[in-house]
Amino acid sequence: MGNLKSLSEIFEHRLIRIPDYQRGYAWSHHELGDFWEDLLQLAENRIHYTGVITFEPVKAEAFKAWPDDAWLIEGKGYKPYYVVDGQQRLTTSIILVQAITENVADHTELNYQTKNEIHQKYVQQVASDGLRRSFLFGYEKDDPSEQYLRTRIFGQGSSNSQYQDTLYTQNLAYAKKFFLVKLKEMNPEEVACIFRKLTQKLKFNVYEIDDEIDVFVTFETMNNRGRPLSNLELLKNRLIYLSTLFHDNAGHPVLRKSINDTWKTIYEYLGKNPDHPLSDNSFLRHHWIMYFQYTRNKGDDYIRFLLDEKFTARGVTHPATEDKRVTIEEIVNYVRSLQEAIKPWFHIHNPHFPLPGFDNSKTKDLLDALNRLSFRAFRPLILAAFCTNQLPIDINRLLTAAERYNFTAFTISQRRANTGDSEFYSLARRLLRKELTIEFVVNMISSWTEKYYSATNFERYIKERHELGRQGFYHWDGIHYLLYEYETHLLKRGKQATRKLDWHELTHSKKDHVTIEHIYPQTETDYWAAKFNPYTNEQKRFLSHSLGNLLPLSRAKNASLQNDSFALKKNNGNGVGYYNGSCAENEVGQLEWWNPEEVLSRGLRLLKFIEERWSIALGDEDFKRQLLCLDFVKDDSQQIDNES
């Protein structure tokens, strides 16, 4: 049964730990903002119902393994509890308490309590002899967040203490920074008011449960409040729950430790690059495709399989048939596979992030290209190649084939988005099981590339872009990728070491700025009218949006400058122009003028690059002119023939 208690009452003779099956700290800016606003808006003569906190008393055999806390539990009568539900609110409250104590001067009293008294009540009890110390709130000892909470949030121990950075530790750090910034804007009286509201006026509905099995069911069902549990978090809880059902097997404590160690590794690598955190659900789904099966069902088909069909309590205790039985060995193998997969999964999405054992430069470049283009259905297959320790040269052949398929089948041929998905997913599972060689896989991808490639589809698509007023090649979904790859080609050909074209800037320009320029501008001035007569307005539109007229810029340019003359575009006299830009800009900047013939010539050159780069044939010159929508333009040789 529950009863309303303030934070001050909750911390009366309680030792609180977040158990291993709980997720870490998941609140971000939105939830923190709501929590802070609740405190600000709360009148001092009112109380605010904050939510449920559910505790599970820690059994003696568990807290006997906490030697540092024995003096509190056995000597001072503190009762140890696990937090089953409400840890996000509770953790947030304690982080705010810590931030408040760091914000005020040492001599300050808050609600008639000194900083030391507050610290002793909510953070860490220190014995009178100073030798025995216990944190009143924290994670279980082996959780990566525990060391981080103690050293980086509570400020205890050496600043050089080793800790494992995860998505959850990053959230802890953000929460503390969030509150310190807010508190810095307040005077001492306002800070004291916040502390009083936090510890006295926020009321939690506190429950206690004592049945071990119910704990796991409670955890799954209660956590639909606040930020929902991810599927990866639900799966961890389920697997730990199943480990408790193997009563007659001496290996189940080892299994529980294996699950915890695996999830620590998973969260370490999901958050290893703070600038590019990876989705836990995406990792779980693609691993499932590789390890178990793939269906065409949409949504959460994978987690329904894992939680409702595969890893169920019934499968352990009383399966419908023997082949449905879930064994310790089966769970161990699955968990081991997850742990082995997370490191290459990180490398696949962060190829240039320093990572021991993943140092093949060719592999990094190929993965980088797929990150820019799109992996589409190839993630499970690429992951299987890494998990089966294929040779770098073979992994590179696979990556090359995957990139070629994606560019030619989708970007060029405009095939349906799911073309080939089932085949590639099936190959991933068979490669993981070593039923296929990677050479066979690469050959299959190449054969499907030839099957789905169509230059006619490409030509039809570009014409439709023009007819629908969507600016031809300028609105082609492959324009950024193609021009970036062409830039790479020019860099290598010129043996230049410095790249001036940045992919992120090329694809994310500021408002009213351009990163892909129409050399002959969309809005014609008198200067450009003289160069592009006597063509019709429609033909001029085709010229403006044709492939050869589009140039990637090494720096975003104000859209109003696009109408400048060709001479000013090459060099405006203020240090800006094609002459000191990207390789493609340099190439165009060497020309004396820009006219329809040059648009055609450069377009044909880019189409030839496509043919050579992706080993495809686009057709003869007449077809290419139609593809460029420039069959009305006469090149220099045609003009000479006509004049003669």
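All values reported here derive from a predicted model rather than from experimental measurement. (Residues numbered from 1 in each chain as written. Predicted model: local features only at pLDDT ≥ 70, side-chain atom pairs only at ≥ 80, totals over all residues. Heavy atoms only, no water.)

(A) Molecular detail of the packing of helix H5 (residues 87-103) against helix H8 (residues 167-184). Running from N to C, H5 and H8 point in directions that differ by 45°, and their axes come no closer than 9 Å. Relative to H8, the element H5 lies oblique. In terms of crossing hand, the pair formed by H5 and H8 is right-handed. Residue-level inspection shows Thr91, Thr92, Ile95, Leu96, Ala99, Ile100, Glu102 and Asn103 of H5 in contact with H8, the latter providing Leu172, Ala175, Lys176, Phe179, Leu180, Leu183 and Lys184. Broken down by class, the residue content of the contact of H5 with H8 amounts to nine nonpolar, three polar and three charged. (Axes fitted to C-alpha atoms, helices over the stretch in contact; angles between N-to-C directions. Helix = DSSP H or I, 4+ residues; strand = E, 2+ residues; numbered from the N terminus. Parallel < 35°, antiparallel > 145°, perpendicular 65-115°, else oblique. Left-handed = near helix turned anticlockwise from the far one by under 90°. Contact = heavy atoms within 4.5 Å. Nonpolar A, V, L, I, M, F, W, Y, C, P; charged D, E, K, R; others polar.)

(B) Representation of the sheet that holds strand E10 (residues 202-208). Across the sheet, which stays open at both edges, the six strands sit in the order E1-E10-E3-E4-E2-E9 with mixed pairing between neighbours. At either margin of the open sheet sits one strand with a lone partner, and together these are strand E1 (3-6) and strand E9 (137-139). Adjacent strand axes in the sheet meet at a mean angle of 40° when their direction is disregarded. For strand E2 (residues 14-18) and E9, the ladder comprises three bridges, and the chain directions are parallel. Counted as the bridge partner of isoleucine 18 is tyrosine 139 from E9. (Pairing = 2+ DSSP bridges.)

(C) Focus on helix H6 (residues 115-122). Within H6, six of the eight residues are buried, leaving the element largely enclosed by the surrounding structure. Within the sequence span of H6, burial applies to Lys115, Ile118, His119, Gln120, Lys121 and Tyr122. (Buried < 20%, exposed > 50% of the residue type's maximum accessible area, 1.4 Å probe, protein only.)

(D) Highlighting the packing of aromatic side chains. Scanning the model with the defined rule gives 45 aromatic pairs in all. Each ring, one from phenylalanine 378 and one from tyrosine 405, has its centre 5.8 Å from the other, and the planes form 75°; the classification is edge-to-face. Here tyrosine 405 lies in helix H19 (residues 392-412) and phenylalanine 378 lies in the loop between helix H17 (361-373) and helix H18 (379-387), a separation of 27 residues in the sequence. Looking at tyrosine 405, the relative accessible area reads 0%, which means it is buried. Here the aromatic cluster, defined as three or more aromatic residues joined through ring pairs, consists of Phe407, Phe458, Phe473, Trp476, Tyr481, Tyr486, Phe609 and Trp614. Taking NZ or CZ as reference, arginine 17 lies 5.8 Å from the ring centre of tryptophan 66, over its face. (Phe/Tyr/Trp six-rings, centres within 6.5 Å; stacked < 30°, edge-to-face > 60°. Lys NZ or Arg CZ within 6 Å of the ring centre and 35° of its normal.)

(E) How the structure looks around the environment of leucine 136. With respect to the helices and strands, the residue leucine 136 is situated in the loop between strand E8 (133-135) and E9. A sequence separation of 30 residues divides leucine 136 from aspartate 106, and the C-alpha atoms of the two residues are 21 Å apart.

Function cannot be read off these values alone, since they describe shape.
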